[in-house]
Amino acid sequence: MHSDPAPIAGTIASAGVQRRRRWAGERLGYAPRPVTAPVVSVSGLTKIYKVHERTTGLGATFRSLVRRKYKDVPAVAGIEFGIASGEIVGFLGPNGAGKTTTLKMLSGLLFPTGGDAQVMGHVPWSREDRFLRRMTLLMGNRTQLVWDIPAADSFLVLKQIYGIGDAQFTETLDELTELLELGPLLHKPVRQLSLGERMKVEFAAGLLHRPEVVFLDEPTLGLDVSMQARIRTFIKELNRRSGATILLTSHYMDDIVALCRRVIVIHHGKILYDGGLTDLAERMAPYKIVGATLRDGAIGRDLSAYGDVVSNENGLVKLRVPRADAAERTARLVRDLEGGLADLSLEDPPIEEVIDRVFSGEKLDDHRPAAVPEGAVR
Ligand SMILES: Nc1ncnc2c1ncn2[C@@H]1O[C@H](COP(=O)(O)OP(=O)(O)OP(=O)(O)O)[C@@H](O)[C@H]1O
Ligand SMILES: [Mg+2]
């Protein structure tokens, strides 16, 4: 069995190669990207952790010192996908689905048990310097900065590690300082920063070398809503300015909705869905939500014959109706209620609900409300 690769900095520190590439398209205006092979391609990728089985009881503990027992924990079970240059893809799944394990393999921190992956043509776990200089992995729950010194000092260390030239370093840092509003944060010891401030500084540290591929593992974890929104705006701007390809995990659907047109959903180490975020609702939740706002005279009318009543508050009744029947049912509702209806909306269910249903593997077709008889307002 391989032992997993050494941390990135150790390898990079010994290399000292200078990079002069600018972020593609940066400050030069947008240049259309040529159609190329996927920047990230994954095939049959598998990771099985070997975990020491802990035993209870003194005798068993002594025996386990002599002969350790291991059990297999399958974390990633043969996944396939490709990501094109400049895409932002959301990588979704419940706790323990295998997201972080996948990102660690793709960034060269873990050897896989099987399968293949290429990132910009490199096999990540070979950890070539050229590869490490072209990508970054940022984890919301890990720090790459030294706690007791200001971030500005850590940045100088990263400058040396990555062999970033003076001009590029100043230019990149200025740009990141402006985008992330880093200003005074750079000169305080990292340990004095709030979680949100630290996350902004972490982003700057991870992007100083202008990576072309950015893996983000829960970058907004634990942040308040306004800081989450700022980080989101930054990620969008980073992608727009630099053309960086981004694979992002987040448990906050607002992040995914704001940033990702495409999502890959993973559960128990297997891919459940790979496609458009909007198609996800269509494919996985074959129902829509009708919102009927009733006028005073109609408030209290029972609309359950038109669909499952999801909520009924202050005259706004929300009904879940089968997607295929949505148009016909709303038309009938309008006709039957006549002047009793003040407003009507037809929407996809909230994305959180769709995702929950995907994760739970629920059979959505079983939730169709009973057929509505003609003129059925009661
Ligand atoms: N170092 C490890 N040793 C043994 N098992 C591990 C290790 N890291 C993760 N696992 C297991 O592998 C599975 C996948 O874990 P992983 O961290 O990839 O999930 P995740 O999708 O990132 O979850 P979360 O949303 O909670 O971050 C889980 O069952 C986890 O317990
Ligand atoms: Mg994780």
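Residues numbered from 1 in each chain as written. Chains lettered and ligands numbered in written order. Predicted model: local features only at pLDDT ≥ 70, side-chain atom pairs only at ≥ 80, totals over all residues. Heavy atoms only, no water.

### A short note on the site of ligand 1
Around ligand 1 sit 13 residues in total, of which Asn95, Gly96, Lys99, Thr100 and Thr101 are the nearest. Contact between ligand 1 and glutamate 218: an oxygen atom at 3.4 Å from a side-chain N or O atom of the residue. Taking histidine 251, its side chain carries an N or O atom lying 2.8 Å from an oxygen atom of ligand 1. Starting from 640 Å² of accessible surface for ligand 1 in isolation, the protein chains cover 62%. Among the elements that line the shell around ligand 1, the one with the most residues is helix 3 (residues 99-106), at three residues. For the shell around ligand 1, the residue count by class is five nonpolar, six polar and two charged. (Near = heavy atom within 4 Å. Polar contact = N/O pair within 3.5 Å; in protein donor to acceptor, adjacent residues only side chain to side chain. Areas by Shrake-Rupley, 256 points an atom, 1.4 Å probe, with all protein chains shown as cover. Helix = DSSP H or I, 4+ residues; strand = E, 2+ residues; numbered from the N terminus. Nonpolar A, V, L, I, M, F, W, Y, C, P; charged D, E, K, R; others polar.)

### Topic: the packing of aromatic side chains
Taken as a whole and judged by the stated rule, the model has two aromatic pairs. Ring geometry for phenylalanine 81 against phenylalanine 91: centres 6.1 Å apart, planes inclined by 55°, an arrangement best described as tilted. A residue pair is termed long-range when its members are at least 10 positions apart, and phenylalanine 81 in strand 2 (residues 70-83) and phenylalanine 91 in strand 3 (residues 88-92) qualify at 10 residues. Owing to a relative accessible area of 6%, phenylalanine 81 belongs among the buried residues under this scheme. Ring geometry for phenylalanine 203 versus phenylalanine 234: centroids 5.4 Å apart, planes at 80°, classification edge-to-face. (Phe/Tyr/Trp six-rings, centres within 6.5 Å; stacked < 30°, edge-to-face > 60°. Buried < 20%, exposed > 50% of the residue type's maximum accessible area, 1.4 Å probe, protein only.)

### Here's the deal with helix 8 (residues 225-242)
Between its terminal C-alpha atoms helix 8 stretches 26 Å, which fits the 26 Å expected from 18 residues at 1.5 Å a residue. Among all positions in helix 8, only Met227, Gln228, Ile231, Arg232, Phe234, Ile235, Leu238, Asn239, Arg241 and Ser242 are buried. On its buried face, helix 8 sits against strand 3, helix 6 (166-180), helix 7 (195-207), strand 6 (213-217), strand 7 (245-249) and helix 9 (253-259). Where helix 8 begins, the side chain of aspartate 224 points an oxygen toward the backbone nitrogen of serine 226, at a separation of 3.0 Å. (Expected span 1.5 Å × (residues − 1). Contact = heavy atoms within 4.5 Å.)

### A word on the packing of helix 6 against helix 7
With their axes 10 Å apart at the nearest point, helix 6 and helix 7 run at an angle of 155° to one another. By the angle between their directions, the pair helix 6 and helix 7 is classed as roughly antiparallel. Pair helix 6 / helix 7 crosses with right-handed handedness. Contact residues: helix 6 offers Thr172, Leu176 and Leu180, while helix 7 offers Lys200, Phe203, Ala204 and Leu207. (Axes fitted to C-alpha atoms, helices over the stretch in contact; angles between N-to-C directions. Parallel < 35°, antiparallel > 145°, perpendicular 65-115°, else oblique. Left-handed = near helix turned anticlockwise from the far one by under 90°.)

### Description of the pattern of salt bridges
Tallying each qualifying case throughout the model produces 20 salt bridges. The salt bridge involving arginine 262 is made with glutamate 87; its shortest N-O contact spans 3.0 Å. With arginine 262 in strand 8 (residues 262-267) and glutamate 87 in the loop between strand 2 and strand 3, the pair connects residues that are 175 residues apart, well separated along the chain. Judged by its relative accessible area of 15%, arginine 262 is buried. Classification of glutamate 87 as partly exposed rests on a relative accessible area of 23%. Among the ionic pairs, arginine 191 bridges to aspartate 148, the shortest N-O distance being 2.8 Å. Of this pair, arginine 191 sits in the loop between helix 6 and helix 7 while aspartate 148 sits in the loop between strand 5 (135-139) and helix 5 (151-162), and the two are 43 residues apart along the sequence. One salt-bridge network, in which partners are shared between bridges, spans Glu175, Glu178, Glu237, Arg240 and Arg241. (Salt bridge = Lys/Arg side-chain N within 4 Å of Asp/Glu carboxyl O.)

### Description of the sheet that holds strand 7
What the six strands build is an open sheet, ordered 5-6-7-3-8-9; its pairing is mixed. What marks the edges here is a single partner per strand, and that holds for strand 5 and strand 9 (270-276). Strand-to-strand twist across the sheet, computed as the mean angle between neighbouring axes with direction ignored, equals 15°. Across five bridges, strand 5 lies against strand 6 in parallel orientation. Considered in strand 6, the bridge of threonine 136 is made with valine 214. Here helix 10 (residues 277-284) sits on the sheet in contact with strand 8 and strand 9, set at roughly 115° to strand 9. (Pairing = 2+ DSSP bridges.)

### Brief notes about the pairing of strand 9
Note that strand 8 and strand 9 share six bridges and pair antiparallel. Residue pairing for strand 9: isoleucine 264 is matched across the bridge by aspartate 274. Between the antiparallel neighbours strand 8 and strand 9 lie two residues, among them histidine 268 with a positive phi of about 50°.

### Regarding the sheet that holds strand 10 (residues 287-294)
Sheets are built from strands that pair by backbone hydrogen bonding, the pairs being arranged parallel or antiparallel. Strand order in the open sheet formed by four strands is 11-12-10-13, and the pairing between neighbours is antiparallel. Of all strands in the sheet, those with a lone pairing partner are strand 11 (308-313) and strand 13 (341-347), marking the two edges. For this sheet the average axis-to-axis angle between neighbouring strands, irrespective of direction, equals 20°. Sheet analysis places strand 10 next to strand 13, joined by six bridges and oriented antiparallel. Along strand 13, the bridge assignment pairs glycine 291 with serine 345. Against the sheet, helix 11 (residues 326-337) makes contact with strand 10, strand 12 (316-322) and strand 13, and its axis sits at roughly 175° relative to strand 13, the strand it touches most.

### Quick word on the confidence of the model for the protein chain
Parts of the prediction with low pLDDT should not have their coordinates interpreted in detail. With 85% of its residues at a pLDDT of 70 or more, the protein chain shows a mean pLDDT of 84. Per-residue pLDDT stays below 50 along residues 6-34; that stretch engages in 59 contacts with residues further than four places along the chain or on separate chains. (pLDDT = per-residue confidence, 0-100.)

### Topic: the environment of serine 242
Within the secondary structure, serine 242 sits in helix 8. Under the relative-accessibility criterion, serine 242 is labelled buried at 7%. C-alpha of serine 242 to C-alpha of arginine 210: the two residues are 32 residues apart in sequence and 8.2 Å apart in space. A polar contact is formed between the side chain of serine 242 and the backbone oxygen of leucine 238, at a distance of 2.6 Å. One polar contact links the side chain of serine 242 to the main-chain amide nitrogen of alanine 244, over a distance of 3.1 Å.

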